[in-house]
Amino acid sequence: MTTESALELRGIHKQFGAVTAIERFDLDVAPGEIVALVGDNGAGKSTLVKIISGLYQPTDGEIRLSGEPVSFRDASDARAHGVEVVYQDLALVDQQPVYMNLFLGRELTKGPLRTLDRARMARETQDLVTELDVRIPSPHATLSDLSGGQRQGIAIARATHWARGLVLMDEPTAALGVAETAKVEETILRLKARGAAVLIVSHNLEQVFRVADRVTVLRRGTQVGTRRIDEVAKNDLVAMITGLAQ
Amino acid sequence: MTDASLTSSTSPVRRLLARPTTGAWVAAVVVLVFFSVQTDTFMTAAGAGVWLESASRFGIMAVAVALLMIGGEFDLSAGVMTGFTALWVGVCTTQYGLNVWVAVLLSLVVALAVGALNGVLVVRTGLPSFIITLGTFFVLQGVDLAVTKALTGEVAIQGMTKVPYYDSVQPIFGGSVEIGGGTFYVSILWWLAFTALASWVLLRTRAGNWIFAVGGDLPAARAVGVPIIKTKIGLFMLTAGAGWLVGMISLFRTSTVQANTGVGQEFIYIICAVVGGCLMTGGYGSAVGASLGALIYGMTFMGINAAQWDNNWLRTFLGAMLLGAVLINLWVRKQAEATR
Ligand SMILES: Nc1ncnc2c1ncn2[C@@H]1O[C@H](COP(=O)(O)OP(=O)(O)OP(=O)(O)O)[C@@H](O)[C@H]1O
Ligand SMILES: [Mg+2]
């Protein structure tokens with residue numbers, strides 16, 4: 001392989017006080033590759049996502065982005081390095097309009113006084129949701145007025161809009177219907193085609209087999225293994241997740 | 001753009017009701033008309049000068065406290081800060097002979113430092129700002145009383161007017177003009193300017209957007225990289241800075257300051273902000289609304305005197321208005337949710 005990994009994780013360990021959330025985690029994700037992260041509830045998947053996105057700092061271990069060792073103090077740090085995230089809890093502000101949620105922390109401004117360019121943010125939001133087929137009443141709609149699926153659509157649209165190097169998705173289709181899930185999977189494959197590296201957390205094994213190139217398994221904080229998706233059977237994957245022989 | 005979809009979901013009446021300032025506008029007009037009809041002095045230039053002066057001092061503070069509340073925090077030391085900064089200037093000039101300009105600037109620096117301390121403690125510990133600023137409140141209150149008493153033997157600073165260059169600072173904070181038999185203080189201009197500026201920041205700038213975000217959903221704001229620490233500390237410093245401005249306004253208007261100045265007024269600021277449509281839970285509110293809340297307070301304060309009622313009713317009225325505002329806010333939100 002000549003291409004550098006978009007993301008390299010080496011010996012990531014995370015401790016919350018006395019609780020060990022992640023024992024040891026290693027992974028490489030290449031540009032244009034989709035890796036699925038699976039495991040039962042409480043396995044440590046979201047914790048890992050938050051470590052890569054700068055929300056948590058690893059207790060031990062190294063993160064490299066395109067070969068460069070990084071250490072994020074906060075989420076804006078990670079964003080500045082081209083890491084985009086769809087959080088499990090979506091990280092949307094209920095009282096704000098859709099367009100503001102898309103641009104929160106990266107608001108567009110205009111003029112010498114750098115005032116908010118609301119019209120342009122709303123316009124770009126409209127273009128984006130049209131492109132991704134997220135059905136919302138209007139970019140001006142207040143977020144709390146949207147359904148769970150619409151909100152998830154907005155969170156995905158946000159990450160897609162800004163995606164450059166690496167996209168992390170924590171159960172991005174958990175609240176979506178069949179058609180919407182298919183749409184999102186299409187979007188993920190398009191990100192891959194654009195050369196983005198994608199790490200997707202999912203409980204839906206069919207989905208993992210549909211979109212992922214490789215899959216890595218966490219069980220109660222311990223990384224059980226990483227497999228190419230065309231070299232693993234569903235039963236084996238279930239066994240790795242649960243720790244029970246099938 | 002999609003203007004049709006913008007208006008489709010809600011009726012104009014509901015949208016008007018949902019605006020943070022609607023209730024405050026209605027209440028302000030009602031209070032204005034009521035006291036104008038009820039008393040002879042309220043609607044004269046002299047009367048207007050009185051209620052505008054009081055509204056201006058409370059307005060500056062209410063606007064700052066509103067921004068802080070939108071950002072999800074409270075500052076119980078906001079009231080005592082007005083006395084603390086004024087006493088600082090009074091003590092430095094009358095007791096230590098410090099140049100009055102230097103003393104004024106120094107007190108601003110000290111106020112901002114206390115604000116920053118409040119902010120740092122809140123963001124670093126994650127404790128409720130209610131507790132942290134209750135602590136600063138009592139610390140400052142004690143300092144105010146103890147230092148004033150120790151240095152002057154009294155509970156007030158006297159002799160400000162004899163301080164050199166006093167007259168060069170006085171017009172900036174305490175100046176006034178006579179119009180039609182009424183005295184109008186420069187603090188009214190400070191108030192209007194501060195409200196306009198705060199409103200502009202809140203609605204037109206990225207910082208304003210971050211204030212709404214940190215108050216509306218702190219974890220979400222953190223997750224998308226909003227500079228939450230800067231935003232929160234900045235808000236506490238803004239509130240302390242407003243306390244300084246009002247401290248200077250009081251000091252240079254009356255040329256004296258009591259050791260207990262401002263104590264107890266922090267709750268009035270909060271009431272003004274809530275009456276002006278701010279939600280105690282954060283993420284929602286307006287600067288103009290808070291200013292209207294202060295205007296209502298100023299008018300009621302003057303009106304009750306003009307009507308020669310017992311002054312103690314003012315507090316009862318304020319409490320009732322707070323409850324009314326909170327209940328109306330709650331009702332509007334329930335309505336909005338019911339029609340979703
Ligand atoms: N901030 C925290 N403080 C303490 N413990 C935490 C914290 N966040 C997570 N944990 C613990 O770490 C473990 C892993 O949690 P995590 O949220 O990463 O699981 P998950 O794999 O995402 O589960 P799910 O499938 O339910 O989303 C759990 O035992 C959880 O209680
Ligand atoms: Mg999770």
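Our structure's up above, just so we're on the same page.
This report concerns the structure included in the present document. In this text, all values refer to a predicted model and were calculated from it rather than measured experimentally.

Let us look at the overall build of chain A. Of regular secondary structure, chain A possesses 8 helices and 12 strands. At 18 Å, chain A has a C-alpha radius of gyration in line with the 18 Å of a compact globule built from 246 residues. Here the C-alpha coordinates of chain A stretch approximately 60 × 40 × 40 Å along the principal axes. In chain A, of all internal contacts separated by at least 6 residues, the share reaching a separation of at least 24 is 66%.

Right, let's talk about the pairing of strand E10 (residues 197-201) of chain A for a bit. All names here are of chain A. For E10, the tally of buried residues reaches 5 of 5 residues, placing the bulk of the element in the interior. Residues Ala197, Leu199 and Val201 point to one face of E10 and Val198 and Ile200 to the other, with burial holding for every one of them. Bridge count for strand E3 (residues 34-38) against E10 is 4 bridges, and the pairing is parallel. Within E10, the position partnered with Ala36 by the bridge is Ile200. Where strand E9 (residues 166-170) and E10 come together, 5 bridges link them in parallel fashion. If you follow Asp170 over to E10, its bridge partner there is Val201. A crossover links E9 with its parallel partner E10, the connecting element being helix H6 (residues 178-193), and its sense is right-handed.

All names here are of chain A. Taken together, Phe16, Val19, Ala21, Gly39, Asn41, Gly42, Ala43, Gly44, Lys45, Ser46, Thr47 and Gln88 make up the full set of residues adjacent to ligand 1. Among the elements that line the shell around ligand 1, the one with the most residues is helix H1 (residues 45-52), at 3 residues. Looking at the shell around ligand 1 residue by residue, the classes come out as 4 nonpolar, 7 polar and 1 charged.

This part is about the interface of chain A and chain B. Facing 26 residues of chain A, the contacting portion of chain B comprises 26 residues. Going through the elements one at a time, helix H2 (75-80), strand E8 (115-116) and helix H4 (118-132) of chain A are the ones with two or more residues in the side of chain A that touches chain B. Classifying every residue of the side of chain A that touches chain B gives 11 nonpolar, 9 polar and 6 charged.

Now for the nonpolar core. The nonpolar side chains of soluble globular proteins are, as a tendency, buried together. In terms of nonpolar packing, the biggest core is built from 179 residues, with Ala62(B), Val65(B), Ala66(B), Leu67(B), Cys272(B) and Ala273(B) touching the most fellow members. Looking at which element gives the most residues to this core, the answer is helix H4 (residues 45-70) of chain B, with 17 residues.

Reading the values: the criteria
Residues numbered from 1 in each chain as written. Chains lettered and ligands numbered in written order. Predicted model: local features only at pLDDT ≥ 70, side-chain atom pairs only at ≥ 80, totals over all residues. Helix = DSSP H or I, 4+ residues; strand = E, 2+ residues; numbered from the N terminus. Rg over C-alpha atoms; globule rule 2.2 N^0.38 Å. Contact = placed C-beta atoms within 7 Å. Buried ≥ 20, exposed ≤ 12 C-beta atoms within 10 Å, placed from the backbone. Pairing = 2+ DSSP bridges. Right-handed = clockwise from strand over helix to strand, strands pointing away. Near = placed C-beta within 6 Å. Nonpolar A, V, L, I, M, F, W, Y, C, P; charged D, E, K, R; others polar. Core = buried A, V, L, I, M, F, W, Y, C linked by C-beta atoms within 7 Å.

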